[in-house]
Amino acid sequence: MTRSRGNIFSGIDLIAVALYIALSLIGFVSIFSATWDEQSADVFSLSHEYIKQAMWIGVGWLLGFILLLSESRYYHMLAYYAYGAGIVALLAVLLFGREVNGAKAWFEIGSVRIQPVEFVKIAIALAVARMMSAATFSISRAGDLFRLAAIILLPLGIIVAQNDTGSGIVLGSLIFVLYREGLNKWLCIPVIFVALLFVVSFVVQPDVLLASLVIIFTLSEAMLNNMWRSRIRFLAAIFLGSFVIQGVQAMLGGNMQYYQSLLISSAAGVVVAAVYAFRNNMRNIFIIIALYLSSMIFLPMSDIFFNSVLKPHQQVRILNFLGLKEDLRDTGYNVHQSKIAIGSGGFAGKGYLKGTQIKYGFVPEKHTDFIFCTIGEEWGFLGSIVVLALLMLLILRIMKMGDRQREAFGRIYCYCVAAILLMHILINIGMTIGLIPVMGIPLPLISYGGSSFVAFTLMIFIAINIDASTQRHNAAFGGALY
């Protein structure tokens, strides 16, 4: 769509831009407070993190301005090229990158470090939006779902190989986009439950895991097809069959474990379900069966992942989170001090630059992953709620942009951005208050870091530009600007 000079910036969602600027400034003042050294002679030295962040904010604002001048149609055209370049960048950093805090996820150029995965998230969002917006794509067709899963799982596998599990979990948020686009919730829920089982699977007995999978997928299929009685009978038959197998082999003098008898019984159940689905032309049952079999392969890998992929300090973090180990002097120290800092802020906080836990260095990574501690201690509950409200308002605004798009590509991309931002916020704040293990995920637009700030800026302003293009089109044809 051709633009005239007079309407280049028309249609821009000024509320979203204002929220972005406000969060950027909050991030800067928080980083300044977290890294301020009263003994420093040169306040404007480039050695200070807050000066570096100010420079990255300037770069981000400039790039955001440039994006507003670009044509939104190019995002659709270049989506797959950006995705391919992202995969190459992830492989390159895996082979030649620098390891930082256990994750081999950084390129180091002089004194500048770049984390490609932050930018790859944008490429994945664009690729997902392009594939799902194709006229031939159907959210209910198994083949299309598998192709979509491949687009997400390929970079996720490389990210996990880099030992950057936090970023991998962030990509899992895209399942909410699939749900928003019409994927039945009873296909989404089992995937979420399997992910939760994966976290605790290395401390749970195999027969408990298998029984959980059988129950989860059987009840999900029952809800999917609204056929409860037959599915409850099917579930009862599997467990009854496992007990019969266990009893028969015991009478014959065998020593088969219950896990093995349940495995035999559930395998027979899968065959029966497949035959039933084929005879009654119920293809969605095959999707449930495929998810079940995938989970059977996926969950046993938790021991390998836990013992071979995760570093010792990451293992202890998970054990601390599950309450299986408590170490307040080593791996549990960060979270313990973080909770002290946030709690000591009270309702209104101690005041700007007056946070003792932050000022005297009790909280490590106080300007990066644990920046929320600085906010909590100095601004208290009230300031924390304000920051959270601004973040949530930005997400809701981006979702509103998606809802008013004329084309599926823009809508799906906006949903992807909202999901990624939400997952970052939940993980970052969750780990600072001890609700989830520490993963090294930045708080969007607030944590220190050039890669994350610039990437979030690009991600958000692409959505704003796509929305502005839609708004200009609506205005041109008599619609109202939002």
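All values reported here derive from a predicted model rather than from experimental measurement.

A separate point is the overall build of the protein chain. Regarding its fold elements, the protein chain presents 20 helices and 3 strands. Within the span of the protein chain, comprising 482 residues, buried residues form 48% of the whole. Counting only contacts in the protein chain whose residues sit at least 6 apart along the sequence, the fraction spanning at least 24 positions is 69%. As displayed, the protein chain offers around 23000 Å² of accessible surface, 67% of which is attributable to carbon and sulfur atoms.

Among the nonpolar cores identified, the biggest contains 123 residues, and Val128, Tyr413, Ile446 and Ile464 are the most heavily contacted of them. Sequence-distant contacts of isoleucine 464, that is, excluding residues within four places in its chain, are made with Ile12, Asp13, Ala16, Val17, Leu68 and Met401.

Once that is clear, we can look at the packing of aromatic side chains. The relative placement of two aromatic rings is captured by the distance of their centres and the angle of their planes. The final tally for this structure, using the stated rule, is 7 aromatic pairs. Geometrically, the ring pair formed by phenylalanine 243 and tyrosine 258 is stacked, given 5.3 Å between the ring centres and 25° between the ring planes. Here tyrosine 258 lies in helix H12 (residues 258-279) and phenylalanine 243 lies in helix H11 (residues 228-251), a separation of 15 residues in the sequence. Overall, phenylalanine 243 belongs to the exposed group, its relative accessible area being 51%. Ring pairs connect the aromatic residues Tyr20, Phe453 and Phe461, which therefore count as one cluster.

Attention now moves to the packing of helix H18 (residues 371-403) against helix H19 (residues 408-432). Direction vectors running N to C along H18 and H19 enclose 165°, while the axes themselves pass 8 Å from each other. By the angle between their axes, H18 is roughly antiparallel relative to H19. H18 and H19 meet at a crossing whose hand is left-handed. Contact residues: Phe372, Cys373, Leu388, Leu391, Met392, Ile395, Ile398, Met399, Met401, Gly402 and Asp403 in H18; Arg411, Cys414, Tyr415, Val417, Ala418, Leu421, Leu422, Ile425, Asn428, Ile429 and Thr432 in H19. Within the contact of H18 with H19, the residues separate by chemical class into 17 nonpolar, 3 polar and 2 charged.

On the secondary structure map, glycine 157 appears in helix H6 (residues 142-161). Judged by relative accessible area, glycine 157 falls into the partly exposed class, the value being 39%. In the structure, glycine 157 is positioned 11 residues away from glycine 168 in sequence and 7.9 Å away in space, judged by C-alpha atoms.

Here we come to H19. Spacing of three or four residues puts side chains on the same side of an α-helix, whose turn is 3.6 residues. End to end, H19 covers 36 Å across 25 residues, agreeing with the expected 36 Å (1.5 Å per residue, within 8%). When you tally the buried positions in H19, you get 21 out of 25 residues, the bulk of the element. Among the residues trailing H19, glycine 434 stands out with phi positive, at a value near 80°.

A word on a nonpolar patch on the surface. Taken together, the side chains of Phe9, Leu62, Phe65, Ile66 and Leu69 define a hydrophobic patch exposed on the protein surface, amounting to about 470 Å² of accessible area. As for its placement among the helices and strands, leucine 62 is situated in helix H2 (residues 49-69).

This part covers the confidence of the model for the protein chain. Predicted confidence across the protein chain gives a mean pLDDT of 84, with 88% of residues reaching 70 or more. Under a pLDDT of 50 for its full length, residues 1-6 has, in the predicted model, 12 contacts with residues more than four places off or in other chains.

It is worth spelling out the environment of leucine 263 at this point. Tracing the sequence through the fold places leucine 263 in helix H12. Residue leucine 263 is classed as partly exposed on the basis of its relative accessible area, which comes to 32%. A sequence separation of 49 residues divides leucine 263 from valine 214, and the C-alpha atoms of the two residues are 9.9 Å apart. Residues in contact with leucine 263, not counting those within four places in the same chain, are Leu210 and Met296.

Basis of the calculations
Residues numbered from 1 in each chain as written. Predicted model: local features only at pLDDT ≥ 70, side-chain atom pairs only at ≥ 80, totals over all residues. Heavy atoms only, no water. Helix = DSSP H or I, 4+ residues; strand = E, 2+ residues; numbered from the N terminus. Buried < 20%, exposed > 50% of the residue type's maximum accessible area, 1.4 Å probe, protein only. Contact = heavy atoms within 4.5 Å. Areas by Shrake-Rupley, 256 points an atom, 1.4 Å probe, with all protein chains shown as cover. Core = buried A, V, L, I, M, F, W, Y, C linked by side-chain atoms within 4.5 Å. Phe/Tyr/Trp six-rings, centres within 6.5 Å; stacked < 30°, edge-to-face > 60°. Axes fitted to C-alpha atoms, helices over the stretch in contact; angles between N-to-C directions. Parallel < 35°, antiparallel > 145°, perpendicular 65-115°, else oblique. Left-handed = near helix turned anticlockwise from the far one by under 90°. Nonpolar A, V, L, I, M, F, W, Y, C, P; charged D, E, K, R; others polar. Expected span 1.5 Å × (residues − 1). Patch = residues over 30% accessible without salt bridge, like charges linked within 9 Å, V, L, I, M, F, W, Y side chains within 5 Å. Salt bridge = Lys/Arg side-chain N within 4 Å of Asp/Glu carboxyl O. pLDDT = per-residue confidence, 0-100.

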